[in-house]
Amino acid sequence: MVGPTTSPRIYPLGIPRGKGVPAVVYQIISSGEITSCDHQIEPRTERVQITCWDDEPDGAVTLAEAVRAALEGTAASYGNIHIQYIAFDDEGDDLHVDERSERLTRYGKRQDWEVAYET
């Protein structure tokens, strides 16, 4: 949905200038680790925000639904990172307005996720 597997339109922090949509943008909005009463360090958690962008509202919603289906309940290992779970937390809408023309140019569907992992 976001381009070929060799170069998908999935970016950290924002869509680079000149790149099109549909696209997915992600960023870490908070992180931490929890120490229990017996001083055991619990898994680290990151709060990750993913925004799905498209030219049309329905396209952004469809892309967001696909992202949610792919991530919800995921547990996996990538090298030395062991993801214990990825849990959906919240969602909302976003808009991008071109600064020069002041026209609405893109529609976004924002999702917040909690990711727990160990390294």
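Anyway, here's the lowdown on the structure attached to this text.

Let's talk about the environment of A76
Consideration 1: On the secondary structure map, A76 appears in strand 4 (residues 76-78).
Consideration 2: Once residues lying within four places of it in the same chain are set aside, the contact partners of A76 are I81, H82 and I83.

Description of the pairing of strand 5 (residues 81-97)
Consideration 1: Where strand 4 lies against strand 5, three bridges are found, and the strand directions are antiparallel. If you follow Y78 over to strand 5, its bridge partner there is I81.
Consideration 2: Hairpin connection of strand 4 to strand 5: two residues between the antiparallel strands, including G79 at a positive phi of 65 degrees.
Consideration 3: Of the pairings in the sheet, the one linking strand 5 to strand 6 (residues 104-118) comprises 14 bridges and is antiparallel in character. Within strand 6, the residue paired with H96 across the bridge is R106.
Consideration 4: Between strand 5 and the antiparallel strand that follows it, strand 6, lie six residues; E102 among them carries a positive phi value of about 60 degrees.

Section: the pattern of salt bridges
Pairing is possible between side chains of opposite charge, provided their charged atoms come close.
Consideration 1: Per the counting criterion, the structure on display carries six salt bridges.
Consideration 2: Note that R44 is salt-bridged to E46, the shortest N-O span being 3.9 Å.
Consideration 3: Take E46: its relative accessible area is 12%, and that puts it in the buried class.
Consideration 4: The partner of E72 in a salt bridge is R68, with the nearest N and O atoms 3.3 Å apart.

The rules behind each value
- Residues numbered from 1 in each chain as written.
- Predicted model: local features only at pLDDT ≥ 70, side-chain atom pairs only at ≥ 80, totals over all residues.
- Heavy atoms only, no water.
- Helix = DSSP H or I, 4+ residues; strand = E, 2+ residues; numbered from the N terminus.
- Contact = heavy atoms within 4.5 Å.
- Pairing = 2+ DSSP bridges.
- Salt bridge = Lys/Arg side-chain N within 4 Å of Asp/Glu carboxyl O.
- Buried < 20%, exposed > 50% of the residue type's maximum accessible area, 1.4 Å probe, protein only.

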